[in-house]
Amino acid sequence: MRKLTGAVLATLLSSTLVSAGPVDDELVINNETEIVTRTAAPAHVADVLDEVMSGWLFRGTETRAMEMDDFDNPGMIFVEQAEEQWNTADGSEGKSCADCHGASTEMAGVRPVYPKYNEEAGEVRTLEMQVNDCRENRMGAEKWKYTGGDMVNMTALLASVSRGMPVDIAIDGPAQSTWEQGKDLYYTRTGLLELSCANCHEDNYGNMIRADHLSQGQINGFPTYRLKNTKIGRASCRERV
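What counts, and at which threshold
Residues numbered from 1 in each chain as written. Predicted model: local features only at pLDDT ≥ 70, side-chain atom pairs only at ≥ 80, totals over all residues. Heavy atoms only, no water. Helix = DSSP H or I, 4+ residues; strand = E, 2+ residues; numbered from the N terminus. Buried < 20%, exposed > 50% of the residue type's maximum accessible area, 1.4 Å probe, protein only. Polar contact = N/O pair within 3.5 Å; in protein donor to acceptor, adjacent residues only side chain to side chain. Contact = heavy atoms within 4.5 Å.

Trainee: When you look at the side chain of Gln216 in this model, what are you seeing that I'm missing?
Mentor: Inspection of the secondary structure assignment puts Gln216 in the loop between β9 (212-213) and β10 (224-226). Note on Gln216: relative accessible area 4%, which makes it buried. Polar side-chain contacts of Gln216 include one of 2.7 Å to the backbone nitrogen of Met53. Those residues within four positions of Gln216 in sequence are excluded, and the remaining contacts are Leu49, Glu51, Val52, Met53, Phe58, Tyr186, His201 and Tyr205.

Trainee: Sorry if this is basic, but what is going on with unusual backbone geometry here?
Mentor: Peptide bonds are mostly trans, and most non-glycine residues show a negative phi. With an omega of 5°, the peptide bond running from Tyr114 to Pro115 counts as cis. Residue placement: Pro115 occurs in the loop between α4 (97-101) and β6 (116-118). A positive phi angle, close to 55°, is found at Asn30, a residue other than glycine. Along the chain, Asn30 falls in the loop between β2 (27-29) and β3 (33-35). Owing to a relative accessible area of 27%, Asn30 belongs among the partly exposed residues under this scheme. The phi dihedral of Arg210 is positive, around 55°, even though this residue is not glycine. As for its placement among the helices and strands, Arg210 is situated in the loop between β8 (207-209) and β9.

In structure tokens, the structure reads:
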């Protein structure tokens, strides 16, 4: 069994660390959209993982079933709200998202490539940054709060139309330095317990810490509905925990 390398956490929770591996199950949404939940690890993580696995495989039976049907998935309520926003004109230009981009389904394939280097801006942009760029410079509308409900809902809508597509984020070229900074953060011990992200999500995925079943921390499914919070949450919300 993998053991926590954070000595303090190991001492505090040694009696509650229990092995419980990922389930052997397949995710098909609405009986039509197949989602890859496990695959061979890409080269940049192959030295620490044999395969990458979706967090879905580490959830309970009822939670997994909820994601398999949009009617049962409470997160889709927020996606529907974003769909209304997509088609609503806003700002001094009197434009909606649809006026430039067409139906939201035309955005299939956008979410899987973000964060993405923007050559004109000379920076790596998240999808949220790009949404606000459109709002400010094309619609003449106020920027949304980066972590606000409107933004989370919109990115959830854009993610929903790309379900089943592979994540394809460029981490080389002009984006490489940003990726390296993220890698440093991922492996840096911090906080009162002096743990890094990797201590849980690489060293201990599959284990239970009390009621928390540790996954590999793959964030391809975000934004996602959290039963505990009764709303959609961004990946950064989990990173702050």
